[in-house]
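Overview (structure and organization)
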Amino acid sequence: MEKKIRVLVAKPGLDGHDRGAKIVARALRDAGMEVIYTGLHQTAEMIVETAVQEDVDVIGLSLLSGAHMTLFRDVTKLLREKGMGDVLVVGGGIIPKEDVPALKKAGIAGCFGPGTTCEEIVEFIKKNVKK
Amino acid sequence: MTGKKKKTGSCEQLKNDTPERKTKFETLSGIGVKNLYTPKDISHLDYNKDMGLPGDFPYLRGVHSTMYRGRLWTMRQFAGFGSAEETNQRYKYLLNHGETGLSVAFDYPTLYGYDTDHPLARGEFGKCGVAISSLKDMEILFSGIHVDNVTTSMTINGPAPIVWGFYIANAENRGIDRRIIGGTIQNDILKEYIAQKSYIFPPEPSMRLIVDTFEFGSKEVPRWNTISISGYHIREAGSTAVQELAFTLGDGLEYVRWAVKRGLNIDDFAPRLSFFFNAHNDFFEEIAKYRAARRIWAKELKSLGAKKPRSLLMRFHTQTAGCTLTAQQPEINIVRVTMQALAAVLGGTQSLHTNSMDEALALPSEKAVRIALRTQQIIAEESGVTDTVDPLGGSYYVEWLTDKMENETYKYFDRVEKLGGVIPAIEKGFFQREIAEAAYKYQKETDENKRFIVGVNKYKMNEPVEIPILKMDEKGEERQINRLKKLRKDRDKAKFDRTLGRLRKAAEGDENLMPYILDCVHSYATLGETCGVLREVFGEYKEPAIY
């Protein structure tokens, strides 16, 4: 039997908008993945620590406050420092398209803005996860 | 047509003699909608008892007898970004373009009671609101603005008493009596646990602080709305219209019970309770929601012993639904906002915020926010809907739907009561689960093309979005941190220590904390320092992560 994809859905920073994170968490679970949801108010250290402990293949970051340029990059930087650079990291929220190239460069493999279907996210993860 | 003759003028249902577009018609919240409503659908309602006149019990048709013929709603755009200087400029811009009330959006550190230089504030300065860390910042935010004749609403919850203290102290330092300033603090912690999630303290001390503001406000700041009981965030988190209505009014009744339990006279504080609702896409359902809210609130407050007519009034602010805005073809959001704003006006709102077309992409640009304000002005000045009171009153469909939503609300009240009340239901995750379920259903229906969103899953275009995005002053954060450093260095250290020490002692007891908080504010204690004392005494709330 194929090993299930393990995903950490995480809410970095102080942002309380969790509607999207919860919907995505549930959609990934319904698509057969194992999902861990961190809950709110996570620092980059807490997220990476959970990712290490849970041995996840994917981290999905959700942020609608506008702090993505700082907080998303904090997470990918710390992942690399911990030797977990092969974890697929994706992000969602209110992310202006001008910010996307810099985020990609920092290791956010996919950015999903408003209007994205859950299926697009599922497909992206299946296609890009390193197993 | 078949040969059968259709009865005219009867209450019979319309015969289905042509195929319809869908097998099932429903409101956005899933209430079944028939092809026609007739007097039969509202025959159980008694005009004088269930509807009555605007300005009279049960206030279904409006809280004032003349409504917009007397005075238009307050045009109040929620705004805030970057530093106090930048937001002050935005307020002046909005007032110059005809806005009639102010509404402050704070950044996340402020919402959580942290100063800009706190480690957890990293990356968040001024991002989704203005950073206000002390009385000093509040002075800048309102400099050159006549706080004695414009009302200000502040979306602040956990640290509401402190931020309100900044506002009161700023007015007083300018020689304006606290008895004449007007405005609103959101101060609604229950919906924070349920939906918006910017809580700080556990429920018990949070409720104590809220009742403190009710008591202090009714005695000292009588023109201030000490709470804005909010459904907006519940709806944005994905609830249905019925859930928004039921959970919000349920929260409101919970505050009343806590205040009465403290020994406050209901007629002293109830006139200053205000509400805040969402204006979503389903036009008639939204109108029915506002109307039902007025009737339920009036009935419930009366049964809780309120005697003053003013105590029975469900006065509310409305904001169009941010979650309905699309990043695709953003200009068409202007049309969505127009419809939503019209629903709020036809529902009798006292105050209105219209969203800007670019808000699915970033904070609004000056041009986008001006168009949003102009949308309200067009409804007010050109459409004619303001010329008569409750123009949809008596519509068979609207009255039926209003009644239906009221009945569904009472079903939720019963369910919450069975769980032991609002706070136990929060602790059991009841509201959170109900909302997550509704949000998931909505998304799934959209993903599966059972529900259409123009520009997203129908009438799509593959053109790149070309819309200017608001850019913030990159020096703002540095300026703010320097200001904080200077403030901490320059203030009277002995006075600062004394006021914070007294606050700590009072918090450990059971006195009203507002006077102590005001003393801290006047000694230029920062938001983070003052809130920090309360954090140490009260502890912090942690929520169960449910999806």
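Calculation criteria
- Residues numbered from 1 in each chain as written.
- Chains lettered and ligands numbered in written order.
- Predicted model: local features only at pLDDT ≥ 70, side-chain atom pairs only at ≥ 80, totals over all residues.
- Pairing = 2+ DSSP bridges.
- Helix = DSSP H or I, 4+ residues; strand = E, 2+ residues; numbered from the N terminus.
- Axes fitted to C-alpha atoms, helices over the stretch in contact; angles between N-to-C directions.
- Contact = placed C-beta atoms within 7 Å.
- Expected span 1.5 Å × (residues − 1).
- Buried ≥ 20, exposed ≤ 12 C-beta atoms within 10 Å, placed from the backbone.
- Right-handed = clockwise from strand over helix to strand, strands pointing away.

1. Observations regarding the sheet that holds strand 3 (residues 58–63) of chain A
Residue and element names in this part refer to chain A.
- The five strands lie next to each other as 2-1-3-4-5, forming an open sheet whose pairing is parallel. Lying at the two open borders of the sheet, with one neighbouring strand each, are strand 2 (34–37) and strand 5 (110–112). The average angle at which neighbouring strand axes cross in this sheet is 20 degrees, direction not considered.
- Strand contacts of helix 1 (residues 19–30): strand 1 (6–10), strand 2, strand 3 and strand 4 (88–93), with the helix running at about 160 degrees to strand 2, the strand carrying the most contacts.
- Contacting strand 1, strand 2 and strand 3, helix 2 (residues 44–54) crosses the sheet at an angle of about 165 degrees to strand 1.

2. Structural notes on unusual backbone geometry
Residues and elements named next belong to chain B.
- In the segment running from Phe-57 into Pro-58, the intervening peptide bond is cis, with an omega of 0 degrees.
- Within the element layout of this structure, Pro-58 appears in the loop between helix 1 (47–51) and strand 1 (74–79).
- Positioned with a positive phi, Asp-390 is a non-glycine residue whose angle comes to about 45 degrees.
- Locating Asp-390 in the fold gives a position in the loop between helix 13 (366–381) and helix 14 (396–418).

3. Quick notes on helix 16 (residues 430–447) of chain B
Residues and elements named next belong to chain B.
- Taking 1.5 Å as the rise per residue, helix 16 with 18 residues should run 26 Å; its terminal C-alpha atoms sit 26 Å apart, in good agreement.
- Along helix 16, the positions that sit buried rather than exposed are Phe-430, Phe-431, Gln-432, Glu-434, Ile-435, Ala-436, Ala-438, Ala-439, Tyr-440, Tyr-442 and Gln-443.
- Trailing helix 16 by a residue or two, Asn-449 shows a phi angle of about 60 degrees, which is positive.

4. Regarding the pairing of strand 2 (residues 101–104) of chain B
All names here are of chain B.
- Burial of strand 2 is two-sided: the residues Gly-101 and Ser-103 facing one way and the residues Leu-102 and Val-104 facing the other way are all buried.
- In terms of strand pairing, strand 1 meets strand 2 through four bridges, oriented parallel. Directly across from Phe-78, in strand 2, lies its bridge partner Ser-103.
- This β-α-β element, strand 1 to helix 2 (residues 84–96) to strand 2, shows right-handed connectivity.
- Pairing of strand 2 with strand 3 (residues 152–154), which is carried by three bridges, proceeds in the parallel orientation. Across the sheet, residue Val-104 finds its bridge partner in strand 3, namely Met-154.

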